[in-house]
Amino acid sequence: LLSVSLPPFVLALFFQKWLVLDLRLFPLSGLTTPGGAATAGDLLRHLALPCLTLALLEAGRLFRYVRANMAQALSAGYVK
């Protein structure tokens, strides 16, 4: 419910504060590390945070959809 109700930029700012500044797991900006080679691992490391943010937002919508359909199916007469 939280990922459905939060705007994407709020979740992104929360992840930047927590995963970038506090835990130092991901880089904050850019597509590659300045002065470094643009390897596939470096690109994936820079793209992980935006992908995680967008995936969590969509997962919340998907979970809500699945839950509503499951509740509807479980209340059907043939299930009882």
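A short tour of the structure in this document, coming up.

**Focus: the overall build of the protein chain**
Looking only at helices and strands, the protein chain features three helices and zero strands. Scanning the protein chain from its N terminus toward the C terminus, one meets helices and strands in the order α-α-α. Rg of the C-alpha trace for the protein chain: 18 Å, well past the compact-globule value of 12 Å for 80 residues, more than 25% over. For the C-alpha atoms alone, the extent of the protein chain along its principal axes is close to 65 × 25 × 20 Å. Looking at the protein chain alone, contacts between residues at least 24 apart form 45% of all its contacts between residues at least 6 apart. When the accessible area of the protein chain is evaluated, it comes to approximately 6200 Å², of which 71% is carbon and sulfur surface.

**Comments concerning the side chain of His46**
Tracing the sequence through the fold places His46 in helix α3 (residues 40–74). For His46, the side chain forms a polar contact with the main-chain oxygen of Asp42, separated by 2.9 Å. Look past the residues within four positions of His46 in its chain and what remains in contact with it is Pro27, Ser29, Gly30, Leu31, Thr32 and Thr33.

**Focus on the nonpolar core**
Core analysis: the biggest nonpolar cluster contains six residues, these being Leu11, Phe15, Leu19, Val20, Leu49 and Leu57. Going through the elements one at a time, α2 (8–22) and α3 are the ones with two or more residues in this core. The greatest single-element share of this core, amounting to four residues, is contributed by α2. Residues within four places of Val20 in sequence aside, it is in contact with Phe15, Phe26, Pro27, Leu28 and Leu49.

Each value, and the rule that gives it
Residues numbered from 1 in each chain as written. Predicted model: local features only at pLDDT ≥ 70, side-chain atom pairs only at ≥ 80, totals over all residues. Heavy atoms only, no water. Helix = DSSP H or I, 4+ residues; strand = E, 2+ residues; numbered from the N terminus. Rg over C-alpha atoms; globule rule 2.2 N^0.38 Å. Contact = heavy atoms within 4.5 Å. Areas by Shrake-Rupley, 256 points an atom, 1.4 Å probe, with all protein chains shown as cover. Polar contact = N/O pair within 3.5 Å; in protein donor to acceptor, adjacent residues only side chain to side chain. Core = buried A, V, L, I, M, F, W, Y, C linked by side-chain atoms within 4.5 Å. Buried < 20%, exposed > 50% of the residue type's maximum accessible area, 1.4 Å probe, protein only.

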